[in-house]
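The residues making up each chain are set out below.
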Amino acid sequence: MIPFQRPDYRNPDELRNITIEPNIAPYAHGSVLISFGNTKVICSAMLEKKTPKWMQIQGVEGGWITAEYSMLPYSTLERKPRDISQGKLDGRTVEIQRLIGRALRAVVNLKKLPGYTLWVDCDVLQADGGTRTAAVTGAYVAARLAVEKLVKEEQLKESPFTDSVAAVSVGIFQQIAVLDLNYVEDKDADVDFNVVMTGSGKFVELQAMGEESAFSDEQLTELITLAKQGIKEITKIQETSITK
């Protein structure tokens, strides 16, 4: 029997090399270049003194957080046309940017952003699997850096963050549960699972699906355990990058 081997020789429970380089975009209030192995995403955050019209109409107090996500044309092996050239956002883009927004709002007290919208932009420079999990993870750091800068400048009274948030992928690849799938693993996985969690260990979102396959309770438990382990490691990396 041939022993199990991941394409990049990692152990099943091993993350890719994750780096977070802060202040990559000088005009943003907060920004990072985050890398999950060969997946690289620039995440930036900017505060705007304005809230969505629906909040104004409904008299909703506080502020808002929203996100935009895009894969740059050269981020994949074959050129990916910009959404604007298609005349509309594709479904995947809409799904991911909504996920990023939900993840951030889950760990923010929006009443502490009175009259403001925090815009987070995530642009994929290079895609090798896990772009959405990298985007969520980097978006949190960019937003934290932005908020801390604005508190220091006395544009905000205090930080609205109540917790941290990060995301990681897990899946069943060649019948083995693995952490942080790259593209080769992702496209051939029997089960694909994205997990978004807070630093305190609470779930924000679970996106699990069998790819022409089903999975058992035991496999689900194993995948969640792997994801929890990965999120703990990622949270430490996030905090280190913020406190640099």
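This text goes with the structure placed above it.
Residues numbered from 1 in each chain as written. Predicted model: local features only at pLDDT ≥ 70, side-chain atom pairs only at ≥ 80, totals over all residues. Heavy atoms only, no water.

*Asks:* What's the story with the packing of aromatic side chains in this structure? I'm lost.
*Replies:* What describes a pair of aromatic rings is the distance from one ring centre to the other and the angle between the planes of the rings. The tally for this structure, following the rule as stated, stands at three aromatic pairs. Measuring from centroid to centroid gives 6.3 Å for Phe4 and Phe173, while their planes differ by 70°, and the two rings are edge-to-face. Of this pair, Phe4 sits in the segment before strand E1 (18-22) while Phe173 sits in strand E6 (residues 165-173), placing them 169 residues apart in sequence. Each ring, one from Tyr140 and one from Phe161, has its centre 5.4 Å from the other, and the planes form 90°; the classification is edge-to-face. Placement of Tyr140 in helix H4 (residues 131-152) and of Phe161 in the loop between H4 and E6 is noted, with a sequence separation of 21 residues between them. By the burial criterion, Tyr140 is buried, and Phe161 matches it. (Phe/Tyr/Trp six-rings, centres within 6.5 Å; stacked < 30°, edge-to-face > 60°. Helix = DSSP H or I, 4+ residues; strand = E, 2+ residues; numbered from the N terminus. Buried < 20%, exposed > 50% of the residue type's maximum accessible area, 1.4 Å probe, protein only.)

*Asks:* Just to check I follow, could you spell out the sheet that holds E6 for this structure?
*Replies:* Through backbone hydrogen bonds, the strands of a sheet pair up, either in parallel or in antiparallel fashion. Pairing in this open sheet of four strands is antiparallel, and the strands run E7-E6-E8-E9 from one edge to the other. The two strands at the open ends of the sheet, each matched to only one other strand, are strand E7 (176-179) and strand E9 (203-210). Sheet twist, expressed as the average angle between the axes of neighbouring strands with direction ignored, equals 15°. The pairing of strand E8 (residues 191-198) with E9 spans seven bridges and is antiparallel. Note on E9: the bridge partner recorded for Val195 is Leu206. Together, E6, E8 and E9 form the strand contacts of H4, whose direction differs from that of E6 by roughly 165°. (Pairing = 2+ DSSP bridges. Axes fitted to C-alpha atoms, helices over the stretch in contact; angles between N-to-C directions. Contact = heavy atoms within 4.5 Å.)

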